[in-house]
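A look at the structure
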Amino acid sequence: MNTRQYIYRGFKAALGRSYVRIKGGNREISWLLWEVILPLLMIASVVYTYRSMNAPSEFIGFVILGGAMMSFWFNVLWGMGSTLYWEKEKGNLEVLLASGAPLYGLLLGMALGGMFNTAVRAASVIIIGVYIFEASFNPATLPVAIIIFFLAMAALYSLGLSLASIYLMYSRSGWRASELLSEPIMFISGMYYPLSVFPIALQVVASAFPLAIGLDGIRRSLIYGETFGSLAVHMILLVVMAIILLRIGLWALEYMENKAKKEGRLILRWM
Amino acid sequence: MEKETAIFTRELTRIFERGGEKIRALDNVNIEVPEGIIYGLLGPNGAGKTTLIRILATLLLPSSGFAYVGGYDVVREPDKVRSVINLVSGGERAGYGILTVKENLWFYSQLYGLGIREGWEKIEQLAELLDMKDFLNVRLNRISTGMAQKYSLARGLLNDPDILFLDEPTLGLDVGAARAIRKIIKAWVHQNQNKTILLTTHYMAEAEELCDLISIIHEGRIIATGSPTELKHRVSKEVIYKIEVKNISEEDMGGLKKEEAGIVGLSTSYDAYSNVLSIRLVMDTSDVSHIIRYIEKLNGRIISISKVEPTLEDVFLKLVGVGLSEY
Ligand SMILES: Nc1ncnc2c1ncn2[C@@H]1O[C@H](COP(=O)(O)OP(=O)(O)OP(=O)(O)O)[C@@H](O)[C@H]1O
Ligand SMILES: [Mg+2]
């Protein structure tokens, strides 16, 4: 396959898979509970804690944005990351591989479809949150926030490529690891508070994680009104991360497929 | 390699390791499938049929030897191979249960690189060909096994492959559904030029009905190849008997000394309902008096003895010594 075909087939696969995700994802109404009501309850509990502590009022905006972004993260972690594993369990993976469509496209479709679904829900979380908890945002810096958001999503997608291969190769232990990791990640990416409350060392660790940088950038722009100039470092870091993670992710997919072909198990449901 | 050869393997071998033990799933397999035919791999459970298909479909690497599909090397040019093949396994239902048959097929059409509209049109065409219009809008998790097999076959035809691999295409289907599938398979090869099917089966009759060329595979080795007529010719010197007996068990029959009795192959099947044991004998002599004596000595009651026309079952019996159904 030459590069043009590789990209074309990848995008076709992404189109197909996002169609499945969007159609299938909205056909069952349970998402309303998981992706709107639960995040709102979570936000509410933190907001009331902050209020009782007389925390600065902008913290409330922080929490709402954090809650909304977190659903994108869960989307990558659970939705995209588990894709290959579930395709295998359903007996689809062999057919998907033999189709010749590149796996990155399939996963991109999973991510985009999921992000589309999540976007609608995250928006409703923000709107309802703003309305109930009276948070205020700075609309003038919305474009910067949106750019940072998409860069963060690109980096998360690239990370998801590796996660998907890891889950497939170490299915059970992979699940357990990501369950164990999800709390520390929420903590370190500063879901409930600005990163600056951390000691420097922890801030450095957090900045290795694209969600933390993205969230920090979005908050700085929407809450403190920072613009392009002061957020350039955030954006550059996210671009670099996206590129490095993409390379690692594509390599991981290739490694996984070769391993599957050599050992003859990996992609079979009953093995 | 000549252009007219759809599939070609040389000394193809695959070894699996399981718990320190080595399993030779394929052992120096040489096959050559000309374009435009239905080629059958006939063999019992564990013979290596699926392993061979998975290697040809680029899903598994051989341990040694090589294979070409559509003129491309399966190890070095998997993408090119994938662009000319498709693969359908019996009993599969690849797709998403929550979506309809039609929606699933459209997803696959995009995976195969068809245009957006082209995909929907192709689905209409295939629905016509496979007679599946009445369940196109039913969710995948609500259709019957027979419908699912048509759906899978439709998926297999979406990219208009030159070479189609079918692994046990009628597995688990009732008689009517299996017949429908066989009809479609035949029509597709015969109405299109240069389309090739490689199918696996462990049903003799299916292989005989469908295939232009058959390889019998046993324990990873190809033990005979030919057209159904040619293969049956291999037992033309033998005499085939079918004997029905009561009051005797399959184990009793196993006690017959094969070499002494002139038996080339023997298979039995017991029908618990009528309590009758059917014995199929491939003999290199027409004299079965000693076998009748053996049965009577064990107090067996012979109901009928008849000479029958050879089938592929008898070829397998002769080559392997036991029946295919005994696996
Ligand atoms: N991934 C694997 N790992 C280890 N052993 C395997 C693997 N796949 C197949 N085998 C072994 O290889 C041999 C051939 O299996 P294969 O599935 O090719 O047979 P088959 O002819 O398709 O049988 P069936 O009629 O049951 O489908 C069997 O002994 C099987 O257990
Ligand atoms: Mg098999």
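Treat the numbers as computed from the prediction; the structure is a model and nothing was measured.

Around ligand 1, a shell composed of 17 residues is seen, among which A:Gly264, B:Gly46, B:Lys49, B:Thr50 and B:Thr51 lie nearest. Neighbouring residues of ligand 1 are not confined to a single chain but are spread across chains A and B. The contact in question runs from a nitrogen atom of ligand 1 to an N or O atom on the backbone of A:Gly264, over 2.8 Å. Within the side chain of B:Glu168, one N or O atom sits 3.4 Å away from an oxygen atom of ligand 1. Its free accessible area being 630 Å², ligand 1 has 79% of it covered by the protein chains. Contributing elements (two or more residues each) for the shell around ligand 1: strand 1 (5–18), strand 2 (21–29) and helix 1 (49–56) of chain B. If one sorts the elements of the shell around ligand 1 by residue count, helix 1 of chain B sits on top with three residues. Partitioning the shell around ligand 1 into residue classes produces six nonpolar, seven polar and four charged.

A few words on the sheet that holds strand 7 (residues 85–89) of chain B. Residues and elements named next belong to chain B. Sheet architecture is open: six strands sit in the order 7-8-9-4-10-11, paired in mixed fashion. Strands at the two margins of the open sheet, each flanked by one partner only, are strand 7 and strand 11 (221–226). On average, each strand axis in the sheet is inclined to that of its neighbour by 15 degrees, with strand direction left out of account. Pairing geometry for strand 7 and strand 8 (residues 163–167), over five bridges, is parallel. Paired with Val-88 across the two strands is Leu-166, which belongs to strand 8. Along the sheet, helix 6 (residues 175–191) contacts strand 4 (38–42), strand 8 and strand 9 (196–201); its crossing angle with strand 9, the most-contacted strand, is approximately 155 degrees.

For the rest of this paragraph, the subject is the sheet that holds strand 14 (residues 276–283) of chain B. Within a sheet, each strand pairs with its neighbour through backbone hydrogen bonds, oriented either parallel or antiparallel. Residue and element names in this part refer to chain B. Pairing is antiparallel in the open sheet, where four strands are placed in the order 13-14-12-15. Here the strands that pair on one side only, and so sit at the sheet edges, are strand 13 (263–271) and strand 15 (301–307). Pairwise comparison of adjacent strand axes, ignoring direction, gives a mean angle of 20 degrees for this sheet. Here strand 13 runs beside strand 14; their pairing, made up of eight bridges, is antiparallel. Residue Ser-267 lies in a different strand from strand 14, and its bridge partner there is Arg-280.

Procedures and definitions
Residues numbered from 1 in each chain as written. Chains lettered and ligands numbered in written order. Predicted model: local features only at pLDDT ≥ 70, side-chain atom pairs only at ≥ 80, totals over all residues. Heavy atoms only, no water. Near = heavy atom within 4 Å. Polar contact = N/O pair within 3.5 Å; in protein donor to acceptor, adjacent residues only side chain to side chain. Areas by Shrake-Rupley, 256 points an atom, 1.4 Å probe, with all protein chains shown as cover. Helix = DSSP H or I, 4+ residues; strand = E, 2+ residues; numbered from the N terminus. Nonpolar A, V, L, I, M, F, W, Y, C, P; charged D, E, K, R; others polar. Pairing = 2+ DSSP bridges. Axes fitted to C-alpha atoms, helices over the stretch in contact; angles between N-to-C directions. Contact = heavy atoms within 4.5 Å.

These figures capture arrangement, not role.
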